[in-house]
Amino acid sequence: MTYRHILVAVAAIAALGTASAADRRIKITSRYLNFPISHSADRKAMTFVVDGRQDCRSVMRLTDAQPDYWTFRDVSRWRGKTITLSFDGPQAALDRVVAADTIVGASTMYAERLRPQYHFTTRRGWINDPNGLVFYNGKYHLFYQHNPYEREWENMHWGHAVSTDLTTWQELPDALHPDATGTMFSGSAVIDYGNTAHLNGPDGKPAMVAYYTADSPEAQRQCMAYSLDEGLTFTKYDGNPVIDSHLKWQSHDTRDPKVFWYDRTRHWVMVLNERDGHSIYTSTDLKHWTFESHLTGFWECPELFELPVDGNPSVRKWVMWGASGTYMVGDFDGRRFTPLTPKQQNVAGSAYAAQVYNNIPRSDGRAIKMAWGRIDFPGMPFNGVMLLPQEQLLQTSHGGYRLLSRPAREVERLFTLAASGEDMTADEANAMLAGFDSDVLRISLTLEMTYATSAGLRFRGERIIDYDLNANTLNGTFYSPEEPGSMTLSADVYVDRRVVEVFADGGMLSLSFARDADRKSPEGYKLWGNDIKVRSLKVYRLNKDL
């Protein structure tokens, strides 16, 4: 979980409870409660009480004046019940909360000026780390860090969306809400087919079990919750926390549990970030965990997964990484990871806290990751973005093992080829590009740099690709091609309003960053560099029927 430096704000939330509160009772006959939000208003605590029990406690910039935007909460599961809202702010602001079957502002949702068109963003509020990535019953589940009440970091919930194709997403009600143990920081989810935790439904339906970090000013502790309705609702385990390693490590930094099933010795594995690296725990019942080993040098959001080498299923290695995208390749025996390479990196830019999907069918066999794009959207009622789903591949190289990251094949269906050419001069290629000025586009190209030592691609005068052969950098990041002395660069470029992703040489390096979406220029897309040859160029438009 990121942004721990704001923990002081979390501590301040508890102090707000001593203020006199405005109260409002609402009988739920509609699907949503809509909240008017203004960033000129101070954050004040809001408590939701249902059937005499506190359901959730958050902070909101609720206003009794003109709101900057509206946020909402889906309350349909309480239909027919009366809830009490207690707010440590003015009664006039609380009285402006609107119960309705529609979201205020829904008519302009997804049509906002900066809204990405094929990257996942939440309808309202802030998002960061992907959580609980799991495939179940034909659906890819995407949980994520979510502040549903504001476009800035706070109030960590688990948001929830599902997809059948990794590209079109249905956003569902938030799955996990802050409680007395803390806010809901990052974690993972598994399907307990073997009923090892004895939490499955009476009909034998396997439980979806989520692991998360409960964050409070005092400590970070690992907790679990389970769902019998495919993640729509969760019950938090009565025995939480399942791991409390605060005293062992003398550190607040014990978070982001990644859990998966290790089939060879038939036990569960948890990789947990603790203080200066990743710890490995094991369990047979998902409730009781044994510490096994620790590897230093990683920070936050651990991941550990197995890949075939060069596509050969009989030769397999494991990849361990942390939130920043650095990784090691090595061996894993179910209890200890043994590195075979130094730390390397194949991602740069905005990508953070990537996680690989659990439970991908054996017939598929891919390792598919998603990452948070740390890209802001100024003035919008949403913030943060999920980068494109990406397949992970491991290949041998001149320097040992190398991890590749490239868009999942499902991304192909988003686009239609609009123009293509081969073996062109830069002038010929730019004449073809002159017909395109859209900020929602995909461009695939291969450049050969005959005499040039730098070349690339601009959009509206802003450099999207900047490849420097002398410095061995791509957009300022060190990049060494697989073939020594190579004078070519292949790149797959995705532009989505403010979001840009670039995949170099089949995924040897992936970059993501924000472009200036307000930039004005008579120049559209244009290649630059002296004496370059364009071996191939393809331009794709986004399919309009998506």
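Just so we're clear, the structure is a prediction, and the values are computed from it rather than from any experiment. (Residues numbered from 1 in each chain as written. Predicted model: local features only at pLDDT ≥ 70, side-chain atom pairs only at ≥ 80, totals over all residues. Heavy atoms only, no water.)

### Thoughts on the overall build of the protein
Then comes step 1: Across its full length, the protein holds 4 helices and 42 strands.
Then comes step 2: Relative to its length of 546 residues, the protein is compact, with a C-alpha radius of gyration of 24 Å against a globular reference of 24 Å.
Then comes step 3: Oriented by its inertia axes, the alpha-carbon framework of the protein measures out at about 75 × 55 × 45 Å.
Then comes step 4: Within the protein, buried positions represent 60% of all 546 residues.
Then comes step 5: For the protein, the share of sequence-separated contacts (at least 6 apart) that also reach a separation of at least 24 residues comes to 63%.
Then comes step 6: Of the roughly 21,400 Å² of accessible surface on the protein, a fraction of 48% belongs to carbon and sulfur atoms. (Helix = DSSP H or I, 4+ residues; strand = E, 2+ residues; numbered from the N terminus. Rg over C-alpha atoms; globule rule 2.2 N^0.38 Å. Buried < 20%, exposed > 50% of the residue type's maximum accessible area, 1.4 Å probe, protein only. Contact = heavy atoms within 4.5 Å. Areas by Shrake-Rupley, 256 points an atom, 1.4 Å probe, with all protein chains shown as cover.)

### Brief notes about the environment of Pro381
Then comes step 1: For Pro381, the position within the fold is in the loop between strand 27 (368-373) and strand 28 (382-383).
Then comes step 2: Placed 335 residues apart in sequence, Pro381 and Met46 show a C-alpha to C-alpha distance of 20 Å.
Then comes step 3: Once you skip the residues sitting within four places of it in the chain, Pro381 turns out to touch Tyr69, Glu112, Arg124, Gly125 and Arg151.

### Here's the deal with the state of the cysteines
Then comes step 1: Summed over all chains, the structure comprises 0 disulfides.
Then comes step 2: The thiol of Cys56 is not disulfide-bonded; the next cysteine sulfur, from Cys223, is found 15 Å away. (Disulfide = S-S within 2.5 Å.)

### Remarks on the sheet that holds strand 34 (residues 454-459)
Then comes step 1: Sheet architecture is open: 5 strands sit in the order 37-36-35-34-41, paired in antiparallel fashion. Across the chains shown, the open sheet's two edge strands, defined by having one partner strand only, are strand 37 (477-478) and strand 41 (525-528).
Then comes step 2: The pairing of strand 36 (residues 473-474) with strand 37 spans 2 bridges and is classified as antiparallel. Residue pairing in the sheet places Leu474 in a bridge with Thr477 of strand 37.
Then comes step 3: Sheet contacts for helix 4 (residues 426-433): strand 34 and strand 41; angle to strand 41, the most-contacted strand, approximately 170 degrees. (Pairing = 2+ DSSP bridges. Axes fitted to C-alpha atoms, helices over the stretch in contact; angles between N-to-C directions.)

### Some remarks on the packing of aromatic side chains
Then comes step 1: Scanning the model with the defined rule gives 30 aromatic pairs in all.
Then comes step 2: An angle of 10 degrees between the planes, with centres 4.0 Å apart, marks the rings of Phe459 and Tyr525 as stacked. You can see Phe459 sitting in strand 34 and its partner Tyr525 sitting in strand 41, a full 66 residues away along the chain. For the residue pair Phe459 and Tyr525, the accessibility class agrees, reading buried in each case.
Then comes step 3: One aromatic cluster is present, formed by Tyr118, Phe415, Tyr494 and Phe503 through successive ring pairs.
Then comes step 4: Residue placement shows Arg73 over the ring face of Phe48; its charged tip is 4.8 Å from the ring centre. (Phe/Tyr/Trp six-rings, centres within 6.5 Å; stacked < 30°, edge-to-face > 60°. Lys NZ or Arg CZ within 6 Å of the ring centre and 35° of its normal.)

### Thoughts on the pairing of strand 31 (residues 400-407)
Then comes step 1: Of all 8 residues making up strand 31, 6 are buried, and the element is well covered by its neighbours.
Then comes step 2: Sheet topology note: the strand 30 (residues 390-397)/strand 31 ladder contains 8 bridges and is antiparallel. Residue Leu393 lies in a different strand from strand 31, and its bridge partner there is Leu404.
Then comes step 3: The antiparallel pairing of strand 30 with strand 31 creates a hairpin that spans 2 residues between the two strands.

### Section: the pairing of strand 34
Then comes step 1: With 5 of its 6 residues buried, strand 34 lies for the most part within the structure.
Then comes step 2: Pairing geometry for strand 34 and strand 35 (residues 462-468), over 6 bridges, is antiparallel. In the strand pairing of strand 35, Gly456 is matched with Asp466.
Then comes step 3: Taking the residues that link successive antiparallel strands as the turn, the strand 34-strand 35 hairpin has 2 residues, and the phi of Arg460 there is positive, at about 50 degrees.
Then comes step 4: Looking at chain direction, strand 34 and strand 41 are connected through 4 bridges and run antiparallel. Bridging from a neighbouring strand, Leu457 pairs with Leu527 of strand 41.

### What to know about the sheet that holds strand 14 (residues 220-227)
Then comes step 1: Within the open sheet, the 4 strands sit side by side as 12-13-14-15. Their pairing is antiparallel. Where the open sheet ends on each side, the last strands, each with one partner, are strand 12 (183-191) and strand 15 (235-236).
Then comes step 2: As defined by bridge partners, strand 14 adjoins strand 15 across 2 bridges and the pair is classed as antiparallel. Its bridge partner being in strand 15, Ala225 is matched across the sheet by Lys236.

### Quick word on the side chain of Asp129
Then comes step 1: Note on placement: Asp129 falls in strand 8 (residues 125-136).
Then comes step 2: Of the side chains with opposite charge, Arg255 comes closest to the buried, unpaired Asp129, at an N-O distance of 7.2 Å.
Then comes step 3: Within the structure, the side chain of Asp129 is placed 3.2 Å from the side chain of Asn128, a separation counted as a polar contact.
Then comes step 4: Within the local environment of Asp129, its side chain forms a polar contact with the side chain of Ser186, the two groups lying 2.8 Å apart. (Lys, Arg positive; Asp, Glu negative; His and termini not counted. Salt bridge = Lys/Arg side-chain N within 4 Å of Asp/Glu carboxyl O. Polar contact = N/O pair within 3.5 Å; in protein donor to acceptor, adjacent residues only side chain to side chain.)

### Some details on helix 4
Then comes step 1: Residues of helix 4 that are buried: Ala426, Ala429, Asn430, Met432 and Leu433. For helix 4, the arc enclosing every buried residue in end-on projection is 155 degrees, short of the 170-degree limit, so these residues lie on one face. Seen from the buried face of helix 4, the exposed residues on the opposite side, beyond 90 degrees, are Asp427 and Ala431.
Then comes step 2: Where helix 4 is buried, its residues meet strand 32 (415-425), strand 33 (440-449), strand 34, strand 41 and strand 42 (532-542). (Arc of directions from axis to C-beta.)

### Regarding the confidence of the model for the protein
Reading predicted coordinates in detail is not appropriate for stretches of low pLDDT.
Then comes step 1: The predicted model of the protein averages 93 in pLDDT, with 96% of residues at 70 or higher.
Then comes step 2: Of the regions scoring below 50 in pLDDT, residues 2-19 engages in 34 contacts with residues more than four places distant in sequence or in other chains. (pLDDT = per-residue confidence, 0-100.)

### A few points about the environment of Arg77
Then comes step 1: Note on placement: Arg77 falls in the loop between strand 5 (69-74) and strand 6 (82-87).
Then comes step 2: When the C-alpha atoms of Arg77 and Met46 are compared, they prove to be 19 Å apart, with 31 residues separating the residues in sequence.
Then comes step 3: In contact with Arg77, other than residues within four places in its own chain, are Asp55 and Thr233.
Then comes step 4: Of the polar contacts made by the side chain of Arg77, one reaches the side chain of Asp55; its length is 3.2 Å.

### Description of the pattern of salt bridges
Between side chains of opposite charge, pairing is possible as soon as their charged atoms come close.
Then comes step 1: For the coordinates displayed, the defined rule picks out 38 salt bridges.
Then comes step 2: Between Glu152 and Arg43 there is a salt bridge, and its shortest N-O distance comes to 3.7 Å. Pair noted here: Glu152 is in the loop between strand 9 (139-147) and strand 10 (157-163) and Arg43 is in the loop between strand 2 (32-37) and strand 3 (44-50), with a separation of 109 residues, a long-range link.
Then comes step 3: Residue classification places Glu152 among the partly exposed positions, given a relative accessible area of 34%.

### Let's talk about unusual backbone geometry
Then comes step 1: Cis geometry marks the peptide bond from Asn240 to Pro241; its omega dihedral reads -5 degrees.
Then comes step 2: Of note, Pro241 is situated in the loop between strand 15 and helix 3 (246-249).
Then comes step 3: One non-glycine residue, Glu230, lies in positive phi territory at about 60 degrees.
Then comes step 4: Structurally, Glu230 is set in the loop between strand 14 and strand 15.
Then comes step 5: Unusually for a residue other than glycine, Glu300 sits at a positive phi of about 65 degrees.
Then comes step 6: Mapping Glu300 onto the fold places it in the loop between strand 19 (290-296) and strand 20 (303-309).
Then comes step 7: With relative accessibility at 3%, the residue Glu300 sits in the buried group.

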